[in-house]
Number of protein chains: 2
Amino acid sequence: MSEEAKSKIEELARRLVSEINQNKPPKFTTISRTRSNILFDESANFLRLGNAEEERNFLNVAQSKRFMQTIAIAAKCHKFLTENLHTTIRGLFYQLKYSLGEDIDETLFKEEEESNDLIEDLEAALRMKREDFNLYANRKGVLVGNLKIIDEFGGETTEIDGTKQGRSGWAIPSDVDNKIKFVDIKAKYVLVVEKDAIWQRLNEDGFWKKEDAILITPQGQAARGTRRLIRKFADMGLPIYVFTDADAWGWYIYWTIKTGSINLAYIGKEIATPEAKFIGVTMSDLEEYDFLKKLTIAAKEVDIKRAQEMLNYEWIKKHKEWVDELEKVIKTKKKLEQDTLQAPRLTFVDDYIRNKIKNQEFLP
Amino acid sequence: MSEEAKSKIEELARRLVSEINQNKPPKFTTISRTRSNILFDESANFLRLGNAEEERNFLNVAQSKRFMQTIAIAAKCHKFLTENLHTTIRGLFYQLKYSLGEDIDETLFKEEEESNDLIEDLEAALRMKREDFNLYANRKGVLVGNLKIIDEFGGETTEIDGTKQGRSGWAIPSDVDNKIKFVDIKAKYVLVVEKDAIWQRLNEDGFWKKEDAILITPQGQAARGTRRLIRKFADMGLPIYVFTDADAWGWYIYWTIKTGSINLAYIGKEIATPEAKFIGVTMSDLEEYDFLKKLTIAAKEVDIKRAQEMLNYEWIKKHKEWVDELEKVIKTKKKLEQDTLQAPRLTFVDDYIRNKIKNQEFLP
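Residues numbered from 1 in each chain as written. Chains lettered and ligands numbered in written order. Predicted model: local features only at pLDDT ≥ 70, side-chain atom pairs only at ≥ 80, totals over all residues.

A. Quick look at the overall build of chain A. On a plain count of helices and strands, chain A comes out with 14 helices and 15 strands. Relative to a compact globule of 364 residues, whose C-alpha radius of gyration would be 21 Å, chain A shows 23 Å and is just as compact. On the principal axes, the C-alpha backbone points of chain A span a range of 75 × 45 × 35 Å. Expressed as a percentage of its 364 residues, the buried residues of chain A come to 48%. For chain A, contacts bridging at least 24 residues in sequence account for 73% of all contacts bridging at least 6. (Helix = DSSP H or I, 4+ residues; strand = E, 2+ residues; numbered from the N terminus. Rg over C-alpha atoms; globule rule 2.2 N^0.38 Å. Buried ≥ 20, exposed ≤ 12 C-beta atoms within 10 Å, placed from the backbone. Contact = placed C-beta atoms within 7 Å.)

B. Region of interest: the relation of the copies chain A and chain B. Relative to chain B, chain A is turned by 180° and slid 0.0 Å along the rotation axis, the superposed coordinates differing by an RMSD of 0.0 Å. When the rotation and shift are considered jointly, the pair of chain copies conforms to a two-fold rotation axis. (Least-squares fit on C-alpha atoms with pLDDT ≥ 70 in both.)

C. Broad picture of the interface of chain A and chain B. Contacts between chain A and chain B engage 46 residues on the former and 46 residues on the latter. Contributions of two or more residues to the side of chain A that touches chain B are made by α3 (89-103), β6 (148-153), β7 (156-161), β8 (170-171) and α5 (196-204) of chain A. Of the residues forming the side of chain A that touches chain B, the biggest block, 7 residues, is contributed by α3 of chain A. Here the residues of the side of chain A that touches chain B are counted per class, giving 16 nonpolar, 17 polar and 13 charged. (Nonpolar A, V, L, I, M, F, W, Y, C, P; charged D, E, K, R; others polar.)

D. Main features of the nonpolar core. In this structure, Val192 and Leu215 of chain A together with Val192 and Leu215 of chain B are the most contacted members of the largest nonpolar core, which totals 190 residues. Those residues within four positions of Val192 of chain B in sequence are excluded, and the remaining contacts are Ile216, Pro218, Ile230, Ile240, Tyr241, Val242, Phe243 and Ile257 of chain B. (Core = buried A, V, L, I, M, F, W, Y, C linked by C-beta atoms within 7 Å.)

E. Layout of the environment of Ala222 of chain B. Residues and elements named next belong to chain B. Along the polypeptide, Ala222 turns up in the loop between β11 (213-217) and α7 (224-235). Note on Ala222: 27 C-beta atoms within 10 Å, which makes it buried. Setting aside its immediate chain neighbours within four residues, Ala222 contacts Gly141, Arg227, Ile253, Thr256 and Ile257.

F. Region of interest: helix α1 (residues 2-21) of chain A. All names here are of chain A. Look at α1: 29 Å from first C-alpha to last across 20 residues, which is about the 28 Å you get at 1.5 Å a residue. Within α1 the residues assigned to the buried category are Ser2, Ala5 and Ile9. Down the axis of α1, the buried side of the element spans an arc of 55°, and every buried residue falls inside it. Facing away from the buried side of α1, by more than 90 degrees, are the exposed residues Glu3, Ser7, Glu11, Arg14, Ser18 and Asn21. Where α1 is buried, its residues touch α2 (61-83) and α4 (112-126). (Expected span 1.5 Å × (residues − 1). Arc of directions from axis to C-beta.)

G. Main features of the environment of Ala125 of chain A. All names here are of chain A. With respect to the helices and strands, the residue Ala125 is situated in helix α4. As a C-alpha pair, Ala125 and Ser32 span 93 residues in sequence and 9.1 Å in three-dimensional space. Setting aside residues no more than four positions away along its own chain, Ala125 makes contact with Phe28, Thr29, Thr30 and Ile31.

H. Highlighting the confidence of the model for chain A. Residues of chain A with pLDDT of at least 70 account for 98%, and the chain-wide mean is 94. Interface confidence for the predicted complex, given as ipTM, is 0.94, next to a pTM of 0.95. (pLDDT = per-residue confidence, 0-100.)

I. Inspection of the pairing of β11 of chain B at higher detail. Residue and element names in this part refer to chain B. Of all 5 residues making up β11, 5 are buried, and the element is well covered by its neighbours. Residue alternation in β11 divides its side chains into two sets, Ala213, Leu215 and Thr217 and Ile214 and Ile216, and both sets are buried. Where strand β5 (residues 142-144) meets β11, 3 bridges bridge the pair, whose relative direction is antiparallel. Residue Val144 lies in a different strand from β11, and its bridge partner there is Leu215. (Pairing = 2+ DSSP bridges.)

J. Inspection of the sheet that holds strand β9 (residues 180-183) of chain B at higher detail. Residue and element names in this part refer to chain B. Overall, antiparallel pairing links the 3 strands, which are arranged β7-β6-β9 in an open sheet. Only two strands of the sheet have a single partner each, and these edge strands are β7 (156-161) and β9. Strand-to-strand twist in this sheet, taken as the mean axis angle between neighbours without regard to direction, amounts to 15°. Of the pairings in the sheet, the one linking strand β6 (residues 148-153) to β9 comprises 4 bridges and is antiparallel in character. Bridge pairing in β9 places Asp151 opposite Ile180. (Axes fitted to C-alpha atoms, helices over the stretch in contact; angles between N-to-C directions.)

K. Broad picture of the domain arrangement of chain A. Residue and element names in this part refer to chain A. Taken domain by domain, chain A holds domain 1 (2-133) and domain 2 (142-358). Computed over C-alpha atoms, the centres of domain 1 and domain 2 are 33 Å apart. Taken together, the 17 residues of domain 1 in the interface contact 18 residues of domain 2. At the level of secondary structure, the elements contributing two or more residues to the side of domain 1 that touches domain 2 comprise β2 (38-41), β3 (46-49) and α4. When residues in the side of domain 1 that touches domain 2 are grouped by element, the largest group, 4 residues, is from β3. Looking at the side of domain 1 that touches domain 2, its residues break down into 8 nonpolar, 2 polar and 7 charged. (Domains from an automatic or database assignment.)

L. Here's a closer look at the pairing of strand β12 (residues 240-243) of chain B. Residues and elements named next belong to chain B. Residues Ile240 and Val242 line one face of β12 and the alternating positions Tyr241 and Phe243 line the opposite face, and both faces are buried. Sheet topology note: the strand β10 (residues 189-193)/β12 ladder contains 4 bridges and is parallel. When the bridges of β12 are listed, Val192 appears paired with Val242.

M. Local environment of helix α11 (residues 301-310) of chain B. All names here are of chain B. Looking at α11, one finds that the buried residues are Asp303, Ala307 and Met310. In a view along the axis of α11, the buried residues occupy a sector of 65°, so they form one face of it. α11 presents Glu301, Val302 and Glu309 as exposed residues on the side facing more than 90 degrees away from its buried surface. Next to the buried residues of α11 lie α8 (248-259), α12 (314-317), α13 (320-332) and β15 (334-335).

Below, the structure written as structure tokens:
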């Protein structure tokens, strides 16, 4: 994809030059990322941008600065791609501040927020991810399972064995598309576990080995790389099961994986996994597992508020199971953590997941 | 160490039983972790506890609940060690809430904070870390370099090659002592880089390979496991160089690695690395590298306040270089990020570090 990104930047540059040569005002057009252009795609079930466009015309005084900034960013990305080197949006910001400051305009970029915003414009305009422009984002998340990762990086090709990670796990990078391959996958499903602590518990029990699973923890809210990798596994036909706390944060993690998020709607198709299913924990688990009743804890105001908000979302409303679940939290003012499943014995959590999968007992 | 932890819990239990048999009130004694008993060891240069003890007497009404809670925790840890299974302090809390609730007293543990505090008492009393009791803490931090890790975990022994980590790196676990070995270390020093982004930059350039270094990022403030591992590398005779931003957060990360912290003074000796040296970035870098002058950013109030606070610490005051550095920030109200070193070209950061090490140009 980074080859494609490079061509697309060159194509953009050629178009601008041709506009100048024809005495037309050079223009940069992107897809609008304002709220009014973010929609929930009812047929595909994820958040994406609509068709509204935004234009930056060099000869329009109100737009010329942003036009110049955008082109400066595109030029830097092209340079990184040519050098075959990576950095972050912060590294890009300092390069812009350094080189443009000397030659053109000392204040072209004052704050990083300015350049961050324009990088998203470029991603949306060229229908590519920043990772394809050699910009990596924060990474978080760990994986173990029966697969191999072929990683071409820093001038070397490394084969990483997903079954030989010991207590630690393979850290999921920001870019899981370029010069990296996930092969020899021998797993029946992917289990995504909110908390690193529970992931470690399951890893210690060899759960992924016994169950033929790929075991992922996003370590809280999933980073771009982890969301993208989950999407890729779903594309390979693997079922995706998500296991979180029954609270505001847990639901947010699940729904972000499933439908994408407003902030990243501009790459929704690349990172949303509408096929994902919710394995638990749920307030309905209290009926099945009596011991959980005394292990609920008080829901916080944020949990109640979030549950109420979620009940207004169209894509939640159409799932009766989710409406029931959220209403239970609002009514009882209680919440439940996945850690409780270690209470009777540490390995109980393994059985809980195994049963849920065996009985295909999921929330949609 | 986990074998030793088990014996120590058994020894504690035997002593209590013997006290009961002798009609003496059973007592649990730990080292006080209150501020007044935390001291900076002037000869060893790290934060540790003093000699003040705290006693929990079962027959003292004010102490009996905490006595019982502590013993319940010790019993659970002994069980985890016997089962050879791990969990977190949250998993422990739910086990306590579950099993004690049924048989003894439903309210013995209401909040996790109660049990967390007593786990630290147990660590201090038995001079062990919670990791030795099969309790893992949050993990964070990544490593790459010329070494091998022999990890005996979940019934299998895995050999992990620290040079075959690709773009990703080996995730540093919470427990780096029990059933895990770091061998075949062919490195001249350890470089600890505050930001994951800069670690990835250096990893891409193969910096650790060219320089014969072990490259660690704590990914911000160092977790227990990462601090412990740095201590272990120092014990092997490797110099430890720390590379952070020149701001409140960066200094805090460095000094925590070097002297330990107030919160973890009770295991200070295990996690502090007074031998660590500070490689940068420093405000004095502005004199050496002219381009940095326009890349400083405004110091935040927290940076100024922290610099002022640090100037009051005895162990800072005795280092003139640090006093100068902090005073520069207070005077200029500017700060400098490590990311700026990518401004002239992405690989400049490699040269910066190389030069600093070549010229042994460190802050103490």
